[in-house]
Amino acid sequence: QVQLVESGGGLVQAGGSLRLSCAASGLTFSTYVMGWFRQAPGKEREFVAGISWSGSRTYYADSVKGRFTISRDNAMNTVYLQMNSLKPEDTAVYYCAADDSILVIAIPTGYDFWGQGTQVTVSS
């Protein structure tokens, strides 16, 4: 079965950096668009970043543009989210997701598979 396992979350001070990883198994990774989403307490899940099958195209929410970078390694079946200049408002549970259609890249309900999430907490 498909598994997506996130890692790399933690507690960091404002201005700091974290690198999230999402290891995928049970699917042909290179045929799936990958996305990162986040959900803060009391808020809806929101799009953070997405990447096309080959990694040639990337997409970002305005709130993270210029600070976060999504990348993927198809040989390792892994997608990454490098997060720099973190702010307290970035605090959330971060999820990776996979889907075979790029049309849904920013739409949470469009994804077929989800990881369990990793907590990111940014202190001020």
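Higher on the page you've got the structure.
Residues numbered from 1 in each chain as written. Predicted model: local features only at pLDDT ≥ 70, side-chain atom pairs only at ≥ 80, totals over all residues. Heavy atoms only, no water.

Colleague: Can you walk me through the state of the cysteines in this structure?
Modeller: Covalent bonding between the sulfur atoms of two cysteines defines a disulfide. In total, this model carries one disulfide according to the counting rule given. In this model, Cys 22 is linked to Cys 96 through a disulfide, with the two sulfur atoms separated by 1.9 Å. Because the torsion about its S-S bond is 45°, the bridge between Cys 22 and Cys 96 counts as right-handed. Taken together, the residues Cys 22 in strand 3 (residues 18-25) and Cys 96 in strand 9 (residues 92-99) connect sequence positions 74 residues apart. Across this residue pair, the class does not change: Cys 22 and Cys 96 are buried. (Disulfide = S-S within 2.5 Å. Helix = DSSP H or I, 4+ residues; strand = E, 2+ residues; numbered from the N terminus. Buried < 20%, exposed > 50% of the residue type's maximum accessible area, 1.4 Å probe, protein only.)

Colleague: I would appreciate a short explanation of the packing of aromatic side chains in the present structure.
Modeller: Where two aromatic rings form a pair, the distance of their centres and the angle of their planes describe that pair. Scanning the model with the defined rule gives six aromatic pairs in all. Geometrically, the ring pair formed by Phe 37 and Tyr 111 is edge-to-face, given 5.1 Å between the ring centres and 80° between the ring planes. Placement of the pair is Phe 37 in strand 4 (residues 33-39) and Tyr 111 in the loop between strand 9 and strand 10 (113-114), with a sequence separation of 74 residues. A relative accessible area of 0% means that Phe 37 is categorised as buried. With a centroid separation of 6.4 Å and an interplanar angle of 80°, the aromatic rings of Tyr 95 and Trp 114 are classed as edge-to-face. In this pair, Tyr 95 is assigned in strand 9 and Trp 114 in strand 10, connecting sequence segments 19 residues apart. Tyr 95 sits in the buried class, given a relative accessible area of 13%. For Trp 114, a relative accessible area of 25% puts it in the partly exposed group. Members of the aromatic cluster, connected to one another through ring pairs, are Phe 37, Phe 47, Tyr 95, Tyr 111 and Trp 114. (Phe/Tyr/Trp six-rings, centres within 6.5 Å; stacked < 30°, edge-to-face > 60°.)

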